[in-house]
Amino acid sequence: MHSENPPDQARGLTSEEAAKRLEEHGPNALAEAKSTPVWRILLRQFTGLLVLLLIAAAMVALALGEHIDSIAIGMVVLLNGVLGFAQEWRAETALAALRNMLAPMARVVRDQQLVAIDRREIVPGDLILLDSGDQVPADAVLISALELRVDESVLTGESAPVAKSLRSENADNRVLMGTHLVSGRAEAIVDATGPNTAFGKIATLTGSVGEKETNLSRQLGRLGAQLGLVSLSVGAAVALVGVIAGRDVIDMVMTGLSMAVAIVPEGLPAVVTISLALGAAAMVRQKALARRLQAMETLGSASVICTDKTGTLTENMMTTERLWIAGHQFEATGTGYDPAGRILLEGQPIRYGSDTDLDAALDVMVGCTHAELRREGAQWQMIGDPTEGALMTFAYKGWTAMPVGKALSEIPFSSERKRMSTVRWQGQNLIQLVKGAPEQVLDVCTHWRGPKGTARLTAQDRDNILDAYATYAARGLRVIALARREVSQAEVKEEQLEFIGLVGMVDPPRPEVRAAIQACRSAGIRVIMITGDGPLTARAIAEKLNFPVERTITGAELENIDDEALAQLLKQPVLFARTSPAHKMRLIRTLQSQGHIVAMTGDGVNDAPALKKADIGVAMGTRGTDVAKDAADLVLLDDNFATLERAIREGRRQFANIQRFVRYLLSSNAGEVVAILVNLALGGPLIFLPTQILWMNLVTDGVTALMLGLEPGTPDQMTTPPRDPKAGILNRTAMWIILAFGAYTGTASLYLFHTFLHEGEIVARTAAFSGMVLFEKVSVFAFRSFSRPCWRLGWFSNPLLVLALLAMIGAQLAAVYWPPLQTLLRTAPLGWEHWQMIALFAAPLIVVPEIIKTLRAKPAEQDATY
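These numbers come from a predicted model, not from an experiment.

Glancing now at the packing of helix H23 (residues 641-682) against helix H25 (residues 732-755). Across the interface, H23 lies against H25 with an axial gap of 7 Å and an inter-helix angle of 45°. On the basis of their axis angle, the class for H23 and H25 is oblique. In this structure, H23 crosses over H25, and the sense of that crossing is right-handed. Where H23 approaches H25, its residues Arg663, Leu666, Ser667, Ala670, Gly671, Val674, Ala675, Val678, Asn679 and Leu682 are matched on the opposing element by Ala734, Ile738, Phe741, Gly742, Ala743, Thr745, Gly746, Thr747, Leu750, Phe753 and His754. A per-class count over the contact of H23 with H25 returns twelve nonpolar, eight polar and one charged.

Here it is in structure tokens:
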């Protein structure tokens with residue numbers, strides 16, 4: 001170790017001084033995202049406009065003495081709230097179980113004694129001790145270091161570890177909170193804690209981003225406002241007209257209430273909530289945790305995905321891909337630290353012992369390292385520096401003979417020399433093994449392993465080696481040079497070495513990501529890479545994943561581009577490298593200003609502000625930081641971009657089904673409104689009682705609509721472009737469909753009512769009531785698809801829908817024939833003649849839509865959503 005600081009600093013603080021500084025600076029902790037109180041999570045389930053309409057209807061019913069109606073509506077409101085609360089609370093508790101970002105303890109020197117303390121008690125001026133594998137508990141300046149390399153990807157997005165030195169003029173003489181030591185050990189003096197650290201400043205930037213409203217919540221709010229206005233207006237108008245016409249005031253108030261209740265689909269909030277909850281539960285099984293119920297649906301409407309590279313598109317495990325020796329190219333199969341691969345030369349497998357040049361290179365890989373590979377069950381774990389781990393894995397693939405014993409001597413890697421050297425026994429010979437940066441290794445080489453064996457290194461040979469190095473670097477590979485020589489003693493001298501070859505390594509793309517990105521592009525979703533890594537590396541990964549990239553823009557270049565030019569640039573195939581959190585925020589704001597629904601993926605602290613700013617933030621659950629997960633709406637439990645593609649598919653299915661059951665429920669309610677209005681105009685008695693309307697809307701319609709929400713996804717789901725975010729759940733075509741069904745079912749019920757009125761008002765009302773229930777049940781088949789007939793979809797492809805249909809018909813029979821429900825709903829038994837006429841009117845609701853869709857259908861027709 002080296003020490004360049006005064007002795008008093010190296011002794012650390014006294015307990016008394018530490019206590020004073022803790023009081024002055026506060027605990028070494030970030031301002032955690034405030035945990036939402038349980039009561040607030042529950043309360044916000046009752047703030048939607050549709051839910052407020054139901055609460056108002058329940059209060060009006062209670063004021064009028066209709067206690068049964070009031071209790072029924074109240075139970076639906078309560079069910080909706082409990083379901084929404086249960087999902088959000090489950091997501092929060094699951095997220096808490098994932099939290100593992102900051103280690104709880106740290107080693108410091110207090111009162112000249114080494115002690116382990118809670119990291120929150122660290123203060124500026126503390127002397128901290130760090131070893132390989134430790135997480136840095138606070139920002140600190142190095143005072144001693146040995147072979148120190150730090151993984152800073154959590155802050156910068158840079159996949160390669162950073163070597164640290166003690167030079168005060170070098171920015172790398174500091175270690176930062178939240179980063180990890182991959183090798184070496186160090187002592188450092190803390191100079192910033194908590195929110196004053198680089199980690200804390202990014203967390204503060206995240207907290208400055210306001211809360212966002214989802215696209216679905218906006219659309220449901222708009223729909224609720226429209227339905228509320230219509231229901232209140234029509235209900236009040238009906239009551240007023242009736243009173244003016246001389247009818248009983250109480251009767252007309254009840255009629256107006258019935259009309260308002262008929263217009264509002266009381267079951268809609270519960271059906272939406274249950275449908276989203278079921279979808280969220282299904283996605284947890286596929287490794288995606290929705291922190292908000294509407295997160296998945298918002299993701300389904302995304303038109304742009306801004307994705308981080310390291311750990312999301314790539315495996316976050318360095319892999320040696322190529323080895324260059326005297327013009328020969330050796331390649332390796334497999335990725336990560338699993339040695340289940342092979343080394344290939346000209347496409348043919350080759351292993352240790354069959355090529356002396358390869359043997360020399362592999363000897364350096366396994367002999368000049370501190371990394372270890374360990375098999376734990378079915379998984380391989382790498383301990384040590386990722387670069388050394390990649391070299392060790394490559395050597396394992398060639399069945400390399402492992403060196404015996406420890407190195408006799410060593411000069412560790414330093415940022416000044418950019419080399420590492422060891423001396424080991426190899427058989428009866430002492431061998432010096434060297435690896436490092438190509439230029440620095442070449443500087444101490446006098447010979448090289450040429451096409452005809454060992455030869456003197458000429459200027460032309462050096463140029464050829466540097467050309468090979470440039471070729472590797474242009475591909476985005478990280479390049480390491482290997483060298484060796486025989487020595488007579490264990491003393492290490494970096495001179496007169498024989499250059500062996502060049503190794504090219506990269507953090508490779510996840511194997512399933514390429515297909516997932518292609519699926520997103522087929523769905524009309526742009527995928528833009530925004531990374532903190534270097535431009536060459538980013539472009540190389542983009543090419544491997546078939547990203548269409550015309551330009552690579554760095555963060556420094558981005559700062560010189562104005563907003564108007566940036567908006568034009570984002571219309572082109574482009575990727576962004578060396579970006580900061582502020583750059584990511586700006587890119588998302590610009591995309592949102594263009595009308596895009598933006599999803600952002602990431603795992604590091606540097607990604608958190610953008611995750612929160614995006615319409616849908618997607619964090620990584622395994623290696624993601626707490627800050628990132630707290631800012632996100634969706635957490636990928638397996639850190640896999642392919643899981644994101646499945647979540648988009650699920651989100652699209654959810655919205656399509658929401659459209660289906662919203663239109664189904666409104667068509668059912670439209671029929672009730674038509675029957676009540678026309679009957680009122682004809683001067684007839686009440687055709688439906690408020691309790692009967694609630695039975696239709698909450699029980700029979702609600703259950704059927706819920707099963708419609710389980711409709712499987714369609715094959716074309718990921719081949720159509722994202723929907724227009726301004727397009728609502730309903731449009732003109734949908735309204736015509738709703739009105740057509742409403743006009744038919746309302747007229748048919750009205751005919752039943754007046755046809756059987758001579759048998760008594762209760763029998764006539766029961767016939768109209770039962771007819772409307774059956775009409776609404778059988779019409780559900782028309783809403784399974786707007787273009788494909790059920791014989792093509794399969795009548796039983798959604799078996800739960802068929803079961804719900806049969807169950808609700810059974811419930812209606814109970815309402816007609818079971819005395820307790822007869823009393824509740826004021827019904828009377830019906831005879832065969834009643835049911836025959838009801839069935840006659842119900843048949844066209846199945847037959848006519850099937851005929852129309854069959855005539856319009858084309859063999860490869862897509863499932864249009866109107």
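Let's shift gears to the packing of aromatic side chains. Under the criterion given, the structure shown has five aromatic pairs. Judged by centre distance (6.3 Å) and plane angle (90°), the ring pair of Trp380 and Tyr396 falls under edge-to-face. Of the two residues, Trp380 sits in strand E15 (residues 379-383) while Tyr396 sits in helix H13 (residues 386-397), which places them 16 residues apart along the sequence. Among the residues examined, Trp380 registers a relative accessible area of 21% and is labelled partly exposed. Above the face of the Phe413 ring, Arg149 is positioned so that its terminal group lies 4.9 Å from the ring centre.

Counting residues in each nonpolar core, the largest one holds 91 residues, and the members touching the most others are Leu323, Met365, Leu482, Phe499, Phe547, Leu634 and Phe641. Beyond its immediate sequence surroundings of up to four residues, Met365 is in contact with Leu323, Leu391, Phe394, Ala395, Leu482 and Val503. Listed in part, the 63 residues of the second largest apolar core include Ala675, Ala705, Ile738 and Trp835.

The next subject is helix H20 (residues 581-593). If you check H20, its first and last C-alpha atoms are 19 Å apart, about what 13 residues at 1.5 Å a residue would give, namely 18 Å. Buried within H20 are the following residues: Pro581, His583, Lys584, Met585, Arg586, Leu587, Ile588, Thr590 and Leu591. A positive backbone phi angle near 90° is found at Gly595, which sits one or two residues after H20.

Below, the discussion takes up helix H26 (residues 761-778). Across its 18 residues, H26 extends 26 Å between first and last C-alpha, which sits within 8% of the 26 Å expected from 1.5 Å per residue. Of all 18 residues that make up H26, 16 are buried, and the element is covered over most of its length.

This part covers the pattern of salt bridges. Oppositely charged side chains are able to pair whenever their charged atoms sit close together. According to the stated counting rule, one finds 20 salt bridges in the structure shown. Between Asp357 and Arg449 there is a salt bridge whose closest N-O contact spans 3.2 Å. Residue Asp357 is located in helix H12 (residues 356-367), and its partner Arg449 is located in strand E19 (residues 445-450); the two are separated by 92 residues in the primary sequence. Residue Asp357 shares its accessibility class with Arg449, and that shared class is buried. The partner of Arg449 in a salt bridge is Glu498, with the nearest N and O atoms 2.7 Å apart.

The next thing to look at is unusual backbone geometry. Positive phi values are uncommon outside glycine, yet Lys287 reaches one of about 75°. Relative to the helices and strands, Lys287 is located in the loop between helix H10 (268-285) and strand E8 (288-290). Despite not being glycine, Ala326 has its phi angle at roughly 50°, a positive value. Mapped onto the secondary structure, Ala326 falls in the loop between strand E10 (319-325) and strand E11 (328-332). Residue classification places Ala326 among the buried positions, given a relative accessible area of 11%.

The rules behind the values
Residues numbered from 1 in each chain as written. Predicted model: local features only at pLDDT ≥ 70, side-chain atom pairs only at ≥ 80, totals over all residues. Heavy atoms only, no water. Axes fitted to C-alpha atoms, helices over the stretch in contact; angles between N-to-C directions. Helix = DSSP H or I, 4+ residues; strand = E, 2+ residues; numbered from the N terminus. Parallel < 35°, antiparallel > 145°, perpendicular 65-115°, else oblique. Left-handed = near helix turned anticlockwise from the far one by under 90°. Contact = heavy atoms within 4.5 Å. Nonpolar A, V, L, I, M, F, W, Y, C, P; charged D, E, K, R; others polar. Phe/Tyr/Trp six-rings, centres within 6.5 Å; stacked < 30°, edge-to-face > 60°. Buried < 20%, exposed > 50% of the residue type's maximum accessible area, 1.4 Å probe, protein only. Lys NZ or Arg CZ within 6 Å of the ring centre and 35° of its normal. Core = buried A, V, L, I, M, F, W, Y, C linked by side-chain atoms within 4.5 Å. Expected span 1.5 Å × (residues − 1). Salt bridge = Lys/Arg side-chain N within 4 Å of Asp/Glu carboxyl O.

Spatial relationships are all this shows, so hold off on functional conclusions.
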